[in-house]
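Each chain is listed here by its residues.
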Amino acid sequence: MKAATAENYLSEHSVSSWLLTTDHKRIGILYLLSIIVYFAIAAVAAALMRIELLTPPADLVSAETYNKLFTLHGVLMVWFFLIPSIPAVLGNFVIPMMIGARDVAFPKLNLLSWYLFNIGGLCALYAVVWGGVDTGWTFYTPYSTTYANGHVVTMIMGVFIAGFGSILTGLNFIITIHKMRAPGMTWFRLPLFIWSLYATSLILVLATPVLAITLLAISVERLWGVGIFDPTLGGDPVLFQHMFWFYSHPAVYIMILPGMGVISELITCFSRKKIFGYHFVAFSSLAIAVIGFVVWGHHMFVSSQSVYAGMVFSILSFIVAVPSAIKVFNWTATLYKGSVAFDTPMLYALGFIGLFTIGGLTGLFLAAIAVDIHLHDTYFVIAHFHYIMVGGMVLSFMGGLHYWWPKITGRLYPEAMGRLAAMITFIGFNLTFFPQFLLGYLGQPRRYHAYPEEFQIFHVLSTAGASILGVGYLLPLLYFVWSLKYGKKAPANPWQATGLEWQTPSPPPRDNFDEIPIVTEDPYEYPAEAEAPPQPEPQHV
Amino acid sequence: MSSHTILPTKTYLVIFLLLMALLGFTVGVAFLDLGRFNLPAAMAIAVVKAVLIVMFFMHVKYASRLTWVFAAAGFFWLAIMLIFTMTDYVSRG
Amino acid sequence: MSDTATVHAHQFESLEQQKEADVLGMWTFLATEVLFFGGLIMCYTFARLHFPQAFEAASHRLYVGYGGPNTAILLCSSFTMALAVRAAQLGRQKALVRFLIATIVFGLGFLVVKGFEYHTDYVEELVPRFHFHWEGDQAGHAEIFFWLYFVLTGLHAVHVTIGVIILSVVAVLAARGKLSGEKHITAEITGLYWHFVDIVWVFLFPLLYLIGHR
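Residues numbered from 1 in each chain as written. Chains lettered and ligands numbered in written order. Predicted model: local features only at pLDDT ≥ 70, side-chain atom pairs only at ≥ 80, totals over all residues.

When its secondary structure is counted, chain A shows 15 helices and zero strands. With respect to the principal axes defined by its C-alpha atoms, chain A has extents near 70 × 45 × 45 Å. Evaluated residue by residue, chain A yields a buried proportion of 58% over its 541 residues. The contacts of chain A with a sequence gap of at least 6 include a subset with a gap of at least 24, amounting to 85%. (Helix = DSSP H or I, 4+ residues; strand = E, 2+ residues; numbered from the N terminus. Buried ≥ 20, exposed ≤ 12 C-beta atoms within 10 Å, placed from the backbone. Contact = placed C-beta atoms within 7 Å.)

With that settled, the discussion passes to the interface of chain B and chain A. Between chain B and chain A, the contact holds nine residues from the first and 12 residues from the second. Grouping the amino acids of the side of chain B that touches chain A by side-chain chemistry returns four nonpolar, three polar and two charged. (Nonpolar A, V, L, I, M, F, W, Y, C, P; charged D, E, K, R; others polar.)

All names here are of chain C. Taken as a whole, helix H2 (residues 52–59) has its buried residues at Ala-54, Phe-55, Ala-58 and Ser-59. One face of H2 carries all of its buried residues, which in axial projection span an arc of 130°. Turning to H2, the residues buried within the fold contact helix H1 (15–50), helix H5 (139–175) and helix H6 (184–209). (Arc of directions from axis to C-beta.)

Another aspect to go through is helix H1 (residues 9–30) of chain B. For H1(B), built from 22 residues, the straight-helix expectation of 32 Å at 1.5 Å per residue is met to within 8% by its first-to-last C-alpha distance of 32 Å. Along H1(B), the positions that sit buried rather than exposed are B:Tyr12, B:Ile15, B:Phe16, B:Leu19, B:Leu23, B:Thr26, B:Val27 and B:Ala30. The buried residues of H1(B) occupy an angular sector of 115° when projected down its axis, which confines them to one face. Away from the buried face of H1(B) by more than 90 degrees, exposed residues B:Lys10, B:Leu17, B:Ala21, B:Gly24 and B:Gly28 are located. For H1(B), the elements touching its buried residues are helix H2 (38–57) of chain B together with helix H3 (64–89) and H6 of chain C. (Expected span 1.5 Å × (residues − 1).)

Further remarks concern the interface of chain B and chain C. Taken together, the contacts link 41 residues of chain B with 40 residues of chain C. Residue assignment for the side of chain B that touches chain C shows that the elements contributing at least two residues are H1, H2 and helix H3 (65–90) of chain B. With 14 residues, H3(B) is the largest single contributor of residues to the side of chain B that touches chain C.

Residues and elements named next belong to chain A. A cis amide bond links Thr-141 with the next residue in sequence, Pro-142, at an omega value of -5°. In this chain, Ser-506 is followed by Pro-507 through a cis amide linkage whose omega measures -10°. Here Pro-507 is to be found in the segment after helix H15 (456–486). Its identity is not glycine, yet Lys-337 carries a phi of approximately 60°, on the positive side. Assignment of secondary structure puts Lys-337 in the loop between helix H10 (307–335) and helix H11 (344–367). On the basis of neighbour count, Lys-337 is assigned to the exposed category, with 10 C-beta atoms found within 10 Å. In the Ramachandran plot, Gln-496 falls in the positive-phi region, its phi being about 55° despite a non-glycine side chain. If you trace the backbone, Gln-496 turns up in the segment after H15. The exposure class assigned to Gln-496 is partly exposed, which follows from the 17 C-beta atoms found within 10 Å.

By themselves, these observations are geometric and do not establish any function.
Here's what the structure looks like:
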């Protein structure tokens, strides 16, 4: 057994060893630090919005400021937190190890992607500090091209640059998964996390360029004074919406697919059971990625889009729910007769299954054109996507972070605190967002900071929930940092999980494996009907 | 794999001359009044040129099936975007 | 043949694996480029469907005398690029450098012609907003055509310029003997990029210059 002070990928401490690293594990950590910063700023914007919404009149901020706040919240959360989170943090760290490789295919491009990401982020923040943008994260024309004041182009350029970072990440993962699997690691021996990230990478590579050109087009139109979206020339603002949503709908699958991949890993490990229907789950990931490309018109039912096109998009939106449902059924079937342990990662995973299901089902309400006419642009939509993004994606990110934390840092986080934070997050989340379904159903539009008296109770509940949710986010931040110094040293495989990443020491050496492993087994070969092996003792703070 | 295939210079020359001939053809067709077939004709010739470049200059004819899929994927996805968006525009009342 | 030319990068297990990864990586990048330009093609498709007469009239204001030869220049450049890759595969460094230089010359030639053409477009008042004058109705639609023309050809010209820069770097490396042996893959993936830039123009030429009939 290696001594605790053995050389590993974290041993070198110099600044340049971090800023010029090409080690996928370090790049994952760099991304983690970056997204925490952007998340915090976006969360502050949300907090200000929720405080404003405590009272019906617009008494905290002006209308323009409120618009800038929700724009900031959306832009940062979508492009600088959700899209990179699991892929660029957990994916970067885990993928090469899971497939038995020493690194990704193009380590230098990996580092470049992190720099592009942050250059874009700084651009977007500069636009905020310089005066802000009030178009909403969706930048609809002709407002964004012709009428908006502010630093639209600067913010758009920030997203544009960061977008190239995410394209590089997707490109790297696709080639890595195709070409760098260890001997014996056939496609159907891959962990489902890899399948999910492969599907995610397809979307990253095929959808993001369309966003890039769309953002470029509105920047040109704004700067030049003429463009294809300008109705005074005969152009069509709705064309922007087609192109924007061609990317942005698949983008939400970029966000949730990796989360689903994490859940597949967590459910199997903490039920000590092979996943039910491995092939179904794997193909569902691909199906979601592909079908997800042809549903974008469901964002445009009331935009003057043709009713016939709307019907096509509507039925396809119903169909895209099927592979997601298949996954939920398979996870549930995996739990059945499993030996379930309620460690922190599993609490997040179980929370995910419930909340993602609610989010997904409410998506179906919105996919029905007749219902969407009433719910479009209301708080119902906000509640729907926050159930998926926070209840789904953020929970899976937290679950994955807790699960792989021992591998990443070589330390165990305090288990009791972990479980407490998970439960606080779950309660806070539901209190924040469930009332918003009701608000939307009752007619409260989104992006408004003043509202009629009768809606106040829902807003008060929501803001109260948000405060609790904030505590749920803060606790892990504190105890993760604490664990770096005071956490118990982690063994190679604290969860007794299957998977090649657990065959390396915690933390792993620079090149992951002394010798590239040869794979002979299917994934998730947990012993049938096993007694649960001893869990690591919960750390008492 | 494409990195192993070395084509003779003559092959490249023939393809090049074909491409130039097709270019002449493209321009020539543009001077004929084919009504609404001018566009499909021009596009068809462009597609043939593109296929020649992809197959021979970019070696895809001699490459693995995976390379074929990667090469085709972008165009396929572009087709999805064009077709689905146009279903909106052509079906508006 | 130097030792470094045969050792693969540390993340790979073999040189063969690295070469396959490099080629597939470039194809993946080219797929993103198809969708990047494709977005503008989407705009073009919308506009041409809705303003067919304006587009035809506007297209006839472009000179096939510029566009045609430019297409021929790029096709020549693809030919010399293919020969450059072939030279690299055969380990013929001098031929590689010569063909790369020929490709660069053609690329620069394309840009020079484009420059003259843009000047002509300006003189003829076809630059939207800044210097635009259109006789007859549908001026707005014609302006949209020229917006697309400048954005499409401008974006393409940026890609040609980047290509010329990359080709120059590769030519210098080749001249210094750094691309011998197994490093021919560098020339191959550069070639893939260059051919793609050519293919984009192969489509832009009829779409912009040859609408309807002349």
